[in-house]
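# Commentary on secondary and tertiary structure
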Amino acid sequence: MSQLHLPLQHLLLGQTSYLPERASSVAEGADHIFLSLFWISAVSLALIIGVTIVFVVRYRRRPGRMDPEASPDHSTRLEIIWSVIPLLLVMAVFVASTQVYQAMVNAPPGADVQQVRVSAKKWSWQFDHPGGKKDKDVHLVLGQPTELLMISTDVIHSLYVPQWRLKQDVVPGRYTRLLVTPTKAGSFPIVCTEYCGTNHSQMNAVAVVHADQAEYQAWAAEGRGADLSLVEVGRKAFDDQGCSACHAVEKPEGQDDGIGPSLFGRWGGTEQLVGGGTAKFDENYVRESIVKPGAKVVKGYDDVMPASALEERELLGLIAYLQTLVPGRGQDDGEQGERHEQGERKEKAQ
């Protein structure tokens, strides 16, 4: 109860400190609309309840007043009052809401709007930033209007950042847009607000707002794919694509609760498939499982994995990464291989 008491007290006082901090250009306007609707509703409810109580007490049946009194069947003045007042309130809310909505969907005239392409799938986000860098989190610049152009590859998702007061559905087969101008630097959680399956609650990401363009460029220059070893590229692709939401990489088969089979110790083994038959866990099987996931489904699991459009180097990297997940060899050999590759690159650079 105490947890509910404080927000209610702040709400009654017209304060918004119980809400997430405001971090976009439209957050303040959205809060004002919310508070306006709350107070209009609260006052209307109090008025209706108060009038009802007065009428019940005043016109109740009692000695000396056993029958209802005669009442007028029409009052033009009352009808005008209870029609005009609600109309004025609705118009005021409509005008204020429209102004906030226009600010949400239209950038200021002459603004340089950056565009980030967003791909959603069960159960991860992928953000392609200007300059070509991909990441599982979105990176923006403080004060820079940015448009998120979004599409889903499977079911309906919904991107929501509470601090921005912005939410937009992401649907398959059609692009949707979300325009934001960050007003605070920092990291803010991204959540999916459209139930999209078993691991819906794990479909999270982070909106990172850099303080200036130089900080953003420094981030964009970090970890470019061409500078990584294949194992590093594979591990990065595994994280960026959200593979860990369904596949474990540290627990052997039978000890994980994943939607898909554990990938630990899988390399070189034989898979039992749905419908009979077997498949060797090698390069060709891994590639087919990524490009056409439904072609060979492991027995005991459902055909729920969506196809991934990876670049050739990312496919090769994932194969190299899965080869390191072998008991007794594990990732140590992979790390040694990475260090060997990095050493070779440094020698070539010198």
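A brief look at the structure comes next. (Residues numbered from 1 in each chain as written. Predicted model: local features only at pLDDT ≥ 70, side-chain atom pairs only at ≥ 80, totals over all residues. Heavy atoms only, no water.)

### What about the sheet that holds strand E9 (residues 186-192)?
Pairing between the strands of a sheet is mediated by backbone hydrogen bonds and can be parallel or antiparallel. Spatially, five strands are ordered E4-E10-E9-E6-E7 in an open sheet, and the strand pairing comes out mixed. The open sheet has two edge strands with one neighbour each: strand E4 (138-141) and strand E7 (166-170). Neighbour to neighbour, the strand axes of the sheet diverge by 25° on average, direction disregarded. Pairing of strand E6 (residues 157-161) with E7, which is carried by five bridges, proceeds in the antiparallel orientation. Paired with Val 161 across the bridge in E7 is Leu 166. Relative to E4, helix H4 (residues 213-220) is tilted by about 155°, and along the sheet it contacts E4 and strand E10 (204-210). (Pairing = 2+ DSSP bridges. Helix = DSSP H or I, 4+ residues; strand = E, 2+ residues; numbered from the N terminus. Axes fitted to C-alpha atoms, helices over the stretch in contact; angles between N-to-C directions. Contact = heavy atoms within 4.5 Å.)

### Some thoughts on helix H6 (residues 283-291)
Residues of H6 that are buried: Tyr 285, Val 286, Ser 289 and Ile 290. Looking straight down H6, one finds that the buried residues subtend no more than 130° of arc, so they occupy a single side. (Buried < 20%, exposed > 50% of the residue type's maximum accessible area, 1.4 Å probe, protein only. Arc of directions from axis to C-beta.)

### Observations concerning the packing of aromatic side chains
Each aromatic ring pair is characterised by the separation of its centres together with the angle its planes make. Under the definition given, this model contains six aromatic pairs. Taken together, a centroid distance of 5.3 Å and an interplanar angle of 80° make the contact between Phe 38 and Trp 39 edge-to-face. Taking the relative accessible area as the measure of exposure, Phe 38 reaches 22% and is therefore partly exposed. An angle of 75° between the planes, with centres 5.9 Å apart, marks the rings of Phe 55 and Tyr 59 as edge-to-face. Here Phe 55 falls in the partly exposed class, since its relative accessible area comes to 48%. Three or more aromatic residues joined by ring pairs form one cluster here, namely Trp 267, Phe 281 and Tyr 285. (Phe/Tyr/Trp six-rings, centres within 6.5 Å; stacked < 30°, edge-to-face > 60°.)

Shape is all these values report; function is a separate question.
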